[in-house]
Amino acid sequence: PKLVENARGYNKNSFESEIDTALKQPELSDSDIVTLKSTIQSNQKLNIEKISLNEIDFGKLDNEIRELLKKTVQPTVKISELDGDSNKQQFAKFGKDCHKAGDVCAFCGETVTSERLQKLERYFSGSEIESFSNEIRNKTNEVKQHKETLGKIQIDESEFYPEFKQEVSDCKKNIENIILKQTKFLESCINNLEDKQKNLFSPIVYETKELPPELKEYLRKYNDIVDENNDYTEELEEKKKEARDKLRYNKIADIVRKSNLRNIKDKIKEFEIQLADKEEEIEVVKNEIENLEKEKEKIQGKIDELITETKNTEKLTKNISEKLKIY
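Below is a summary of the structure that appears in this document.

Reading guide: rules and limits
Residues numbered from 1 in each chain as written. Predicted model: local features only at pLDDT ≥ 70, side-chain atom pairs only at ≥ 80, totals over all residues. Heavy atoms only, no water. Helix = DSSP H or I, 4+ residues; strand = E, 2+ residues; numbered from the N terminus. Buried < 20%, exposed > 50% of the residue type's maximum accessible area, 1.4 Å probe, protein only. Areas by Shrake-Rupley, 256 points an atom, 1.4 Å probe, with all protein chains shown as cover. Patch = residues over 30% accessible without salt bridge, like charges linked within 9 Å, V, L, I, M, F, W, Y side chains within 5 Å. Salt bridge = Lys/Arg side-chain N within 4 Å of Asp/Glu carboxyl O. Lys, Arg positive; Asp, Glu negative; His and termini not counted. Charge placed at Lys NZ, Arg CZ, Asp CG, Glu CD. Core = buried A, V, L, I, M, F, W, Y, C linked by side-chain atoms within 4.5 Å. Contact = heavy atoms within 4.5 Å. Expected span 1.5 Å × (residues − 1). Polar contact = N/O pair within 3.5 Å; in protein donor to acceptor, adjacent residues only side chain to side chain. Phe/Tyr/Trp six-rings, centres within 6.5 Å; stacked < 30°, edge-to-face > 60°. Lys NZ or Arg CZ within 6 Å of the ring centre and 35° of its normal.

**Some points on the overall build of the protein**
Then, in step 1: Scanning the protein from terminus to terminus reveals 11 helices and zero strands.
Then, in step 2: Moving toward the C terminus, one meets the helices and strands of the protein in the order α-α-α-α-α-α-α-α-α-α-α.
Then, in step 3: The proportion of buried residues among the 327 residues of the protein is 30%.
Then, in step 4: Surface accessibility of the protein: about 22,800 Å² in total, with carbon and sulfur atoms responsible for 50%.

Structural data, given as structure tokens:
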């Protein structure tokens, strides 16, 4: 039943009529057979969504982050003990955010005064400083959004029909490899921006990074496979028939080769040709015999005429002899 739709209607004549077609078909590999069997057993699948992605311009992003890391702002007020030391500046910023007036400083144990907090607030909250901090924050969120979008790209090979699984698997490996490289690049960008957020008043040396490869070519290829797979749904019954025919032809060819049937049929054809040649020779000989028979009849006629003439001569001689006897 896996090889023919109507097993009861398939007989030796059906088998013989398909031998030539079967032998012309390339021999199937084990993986081909597994795929075709899976196709026969396939149920109709739901359409798969294509991957839509706004490609990141990594060159532009790289330049933007480099400029942000180089940029600096000046504090609104001067606090000499913080100037030129990014670690102390960051420590003071955290301290400002986690203390209120009257608290005991978690570091030095002294009382935190409102005057000190106000001075720190002015140090960190100038309009230029706030604007720059927001600029870095927005860029950081933008990069994080890119990373999150990449993380949502998922490819499930089981959603595809057997004929497309290997191609999808190869495409998936390439896409996942590129996503990994792009994600690492974005993570590095995020780390740089977060470091810059802690060092608004001094430049950060930007280490040049290799730009990751683009996804668009492999996403285009993947989406093409998705289109083919979705179109396949409409042709599933026909594809099942094609798979069944290929498996049957492969089996027929295997049987024929193992049984030496093809050689036997070739021998029969060879003998039939020889027989036809002999029949032609026989026909020629028959014609020769017929011609000889006709020739024989002609000769026999002449012999009969000569014999008749001889008899007449003998009779005449006898008559003459009898007449002469009188004289």
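Back to the text.
**With respect to a negative patch on the surface**
Then, in step 1: Taken together, Glu167, Asp170, Glu228, Asp231, Glu234, Glu235 and Glu238 make up a surface patch of like negative charges.
Then, in step 2: Taken together, the elements giving at least two residues each to the negative patch come down to helix H8 (162–198) and helix H9 (216–234).
Then, in step 3: Considering each element in turn, the negative patch owes the most residues, three residues, to H9.
Then, in step 4: As for its placement among the helices and strands, Glu234 is situated in helix H9.

**Some remarks on the nonpolar core**
Then, in step 1: Core analysis: the biggest nonpolar cluster contains 39 residues, and Leu61, Phe160, Ile175 and Tyr222 have the highest contact counts within it.
Then, in step 2: Within the residue set of this core, elements represented by two or more residues are helix H4 (58–70), helix H7 (127–151), H8 and H9.
Then, in step 3: Per-element tally for this core: the top contributor is H8, with 11 residues.
Then, in step 4: Ignoring anything within four residues of it in the chain, the contact list for Phe160 reads Lys45, Ile48, Lys165, Val168, Tyr222, Ile225, Val226 and Asn229.
Then, in step 5: In this structure, Ala22, Tyr249, Ile252 and Val256 belong to the second largest nonpolar core, which totals seven residues.

**Description of a nonpolar patch on the surface**
Then, in step 1: A cluster of nonpolar side chains, Ile299, Ile303 and Ile307, forms an exposed patch at the surface whose accessible area comes to about 240 Å².
Then, in step 2: With respect to the helices, strands and loops of the structure, Ile299 is situated in helix H11 (residues 261–326).
Then, in step 3: When its relative accessible area of 45% is taken as the criterion, Ile299 is described as partly exposed.

**Some thoughts on H4**
Two residues of an α-helix separated by three or four positions point the same way, owing to the 3.6 residues in each turn.
Then, in step 1: Helix length check: H4 (13 residues) gives 18 Å between terminal C-alpha atoms against 18 Å at 1.5 Å per residue, within 8%.
Then, in step 2: The residue sitting at the N-terminus of H4 and contributing the capping side-chain oxygen is Asp57; that oxygen lies 3.3 Å from the backbone nitrogen of Gly59.

**Topic: the side chain of Lys139**
Then, in step 1: Structurally, the position occupied by Lys139 is in helix H7.
Then, in step 2: Taking the relative accessible area as the measure of exposure, Lys139 reaches 12% and is therefore buried.

**A closer look at the pattern of salt bridges**
Then, in step 1: Tallied over the full model, the rule gives 21 salt bridges.
Then, in step 2: A salt bridge links Asp62 to Arg66; its shortest N-O distance comes to 3.4 Å. Here the residue Asp62 and the residue Arg66 both occupy positions in helix H4, the gap between them amounting to four residues, near one helical turn.
Then, in step 3: Assessed through its relative accessible area of 7%, Asp62 is described here as buried.
Then, in step 4: Three or more residues joined by partner-sharing salt bridges are found here, namely Glu18, Lys241, Asp245 and Arg248.

**Observations regarding the environment of Glu16**
Then, in step 1: Counting through the fold element by element, Glu16 comes out in helix H1 (residues 12–17).
Then, in step 2: For the pair Glu16 and Ile252, spaced 236 residues apart in the sequence, the C-alpha separation amounts to 9.2 Å.

**Some remarks on H9**
Then, in step 1: Here H9 spans 28 Å end to end across 19 residues, near enough to the 27 Å set by a 1.5 Å rise per residue.
Then, in step 2: Buried within H9 are the following residues: Leu219, Tyr222, Asn223, Ile225, Val226, Asn229, Asn230, Tyr232 and Thr233.

**Describing the packing of aromatic side chains**
Then, in step 1: A full pass over the atoms with the stated rule returns four aromatic pairs.
Then, in step 2: Geometrically, the ring pair formed by Phe160 and Tyr222 is edge-to-face, given 6.0 Å between the ring centres and 70° between the ring planes. A residue pair is termed long-range when its members are at least 10 positions apart, and Phe160 in the loop between H7 and H8 and Tyr222 in helix H9 qualify at 62 residues.
Then, in step 3: Where Tyr161 meets Tyr232, the ring centres are 4.6 Å apart and the plane angle is 35°; that geometry is what we call tilted. Placement of the pair is Tyr161 in the loop between H7 and H8 and Tyr232 in helix H9, with a sequence separation of 71 residues. For the pair formed by Tyr161 and Tyr232, the shared burial category is buried.
Then, in step 4: The side chain of Lys45 reaches across the aromatic face of Tyr161, ending 6.0 Å from its centre.
Then, in step 5: A cation sits over an aromatic face here: Lys209 above Phe185, 5.5 Å from the ring centre.

Remember, this is a structural readout, not a statement about activity or role.
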